[in-house]
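Listed below are the residues making up each chain.
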Amino acid sequence: MTPSVPAYRRLSVEERRTQLLEAALGLFAHRAPEDVSLDDVAEAAGVSRPLVYRYFPGGKQQLYEAALRSAADELQQCFDEPREGPLLIRLSRALDRYLAFVDQHDAGFSALLQGGSVVETSRTTAIVDGVRRAAAEHILSHLGVTEPGLRLRMTVRMWITAVEAASLIWLDEGKQPPLDELRDWLVEQFVAVLTVTAARDPQTATLARALTSDI
C-alpha cells in the first residue's frame, strides 16, 4: 500500500483573507508601509499577485487599511482587562500586552504612530485615533467613572499620548530600559498625573485618594 497524500484544502474566502492580512501585518511590522509592495505580500503568503488583487481590488491602500484595522483591534483588546483586583495591577497587565505589541511590531508601530507615510489618509488617521479613544474609555471604565469631567478626560488622554511617545522613544533607544521597568514607570506616571490634576479637580481628587490607598 502506498501512503496516502493529504488532499489540498481550498481555503474559504474568510480564511484566505485572514492569511493575506497576517502576511501583510508581518511585513508592516518590520517595514514602513511605503516599503512594502503587493508582490512582497503575495510572496509572504505564498500566493500570486492577482490573487491579492482579487481580495483587495483597491490595491495596496485597501490592504494597508485592512491590516491597520486588524492591528487596531488587537491594540484595543490590550486594554480589555477584567475588572478584578486593584486598578494599578489591572493597568500593569494592560500595559504588558500593549508593550508586547510594540515590541513585536517595532518598525510598523513607529510608522503607524509617527505618520508621514505615503499611504496615510484621513481614514488611517481615524483608525489610529479610535485606538486612543477606546483605550481612554477602558481606563475610565476601570476607574468606575460614567461621567468624567473635562480635566479627568484630558488627564487620561494625555497619559495615553505619553504612553505612545514613550513607546516610540523606547524603540528609538534600542528597546531600553527593559519592558518591565518601562511598564512600572508608566504606571507611576499615571498616578503622578492624576495627583497633579487632583489639586484642581474634586472628581479626580476622589479617584486619586482611592487609587493611592490601593498601593
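Cut-off values and rules
Residues numbered from 1 in each chain as written. Predicted model: local features only at pLDDT ≥ 70, side-chain atom pairs only at ≥ 80, totals over all residues. Heavy atoms only, no water. Helix = DSSP H or I, 4+ residues; strand = E, 2+ residues; numbered from the N terminus. Buried < 20%, exposed > 50% of the residue type's maximum accessible area, 1.4 Å probe, protein only. Contact = heavy atoms within 4.5 Å. Areas by Shrake-Rupley, 256 points an atom, 1.4 Å probe, with all protein chains shown as cover. Phe/Tyr/Trp six-rings, centres within 6.5 Å; stacked < 30°, edge-to-face > 60°. Core = buried A, V, L, I, M, F, W, Y, C linked by side-chain atoms within 4.5 Å. pLDDT = per-residue confidence, 0-100. Salt bridge = Lys/Arg side-chain N within 4 Å of Asp/Glu carboxyl O.

A.B. asks: Hey, could you run me through the overall build of the protein chain in this one?
C.D. replies: What the protein chain contains, in helices and strands, is ten helices and zero strands. Ordered by position in the sequence, the α and β elements of the protein chain form the string α-α-α-α-α-α-α-α-α-α. With 215 residues in all, the protein chain has 43% of them scored as buried. Pairs at least 24 apart in sequence give 67% of the contacts found in the protein chain among residues at least 6 apart. In the form shown here, the protein chain has an accessible surface area of approximately 12,000 Å², with 53% of it arising from carbon and sulfur atoms.

A.B. asks: I would appreciate a short explanation of the packing of aromatic side chains in the present structure.
C.D. replies: For any two aromatic rings, the description comes down to two numbers: the centre-to-centre distance and the angle of the planes. Under the criterion given, the structure shown has two aromatic pairs. A centroid spacing of 5.7 Å and a plane angle of 55 degrees characterise the contact between phenylalanine 79 and tyrosine 98, whose relative ring orientation is tilted. Placement of the pair is phenylalanine 79 in the loop between α4 (60-78) and α5 (87-104) and tyrosine 98 in helix α5, with a sequence separation of 19 residues. Accessibility assignment for this pair places phenylalanine 79 and tyrosine 98 in one class, buried. Considering the side-chain rings of tryptophan 159 and phenylalanine 190, the 4.9 Å spacing of their centres and the 65 degrees angle between planes classify their relative orientation as edge-to-face. Of this pair, tryptophan 159 sits in helix α8 (residues 150-172) while phenylalanine 190 sits in helix α9 (residues 179-198), and the two are 31 residues apart along the sequence. Each member of the pair tryptophan 159 and phenylalanine 190 is classed as buried.

A.B. asks: How do you make sense of the nonpolar core when you look at a structure like this?
C.D. replies: Grouped burial of nonpolar side chains is what soluble globular proteins tend to show. Counting 63 residues, the largest nonpolar core has Tyr98, Leu143, Trp159 and Phe190 as the members making the most contacts within it. In this structure leucine 143 touches Leu87, Leu152, Val156, Phe190 and Leu207, once residues within four positions along its chain are discounted.

A.B. asks: What is the right way to look at the confidence of the model for the protein chain in this model?
C.D. replies: Predicted coordinates in areas of low pLDDT are best not read in detail. Looking at the protein chain, the pLDDT average stands at 85 and 89% of residues meet or exceed 70. Low pLDDT, under 50, characterises residues 1-8; the predicted model gives this stretch one contact beyond four residues in sequence or across chains.

A.B. asks: Before we go on, may I ask you to explain the side chain of glutamate 81 in this structure?
C.D. replies: Tracing the backbone through its elements, the reader meets glutamate 81 in the loop between α4 and α5. Exposure remark for glutamate 81: the relative accessible area of 8% places this residue in the buried category. Leave out the neighbours within four places in its chain, and glutamate 81 touches Arg90, Arg93, Ala94, Arg97 and His142.

A.B. asks: Can you walk me through the pattern of salt bridges in this structure?
C.D. replies: It is possible for side chains of opposite charge to pair when their charged atoms get near one another. Applying the stated rule across the entire model yields nine salt bridges. Two residues, arginine 49 and aspartate 39, come together in a salt bridge whose shortest N-O distance is 3.1 Å. Pair noted here: arginine 49 is in helix α3 (residues 49-55) and aspartate 39 is in helix α2 (residues 38-45), with a separation of ten residues, a long-range link. Look at aspartate 39 and you get partly exposed, because its relative accessible area is 42%. A single salt-bridge network, built from bridges that share partners, covers Glu81, Arg93 and Arg97.

A.B. asks: What is the right way to look at the side chain of serine 167 in this model?
C.D. replies: Here serine 167 is to be found in helix α8. Judged by relative accessible area, which is 0%, serine 167 ranks as buried. Excluding anything up to four places from it in sequence, serine 167 contacts Tyr98, Leu99, Val102 and Phe109.

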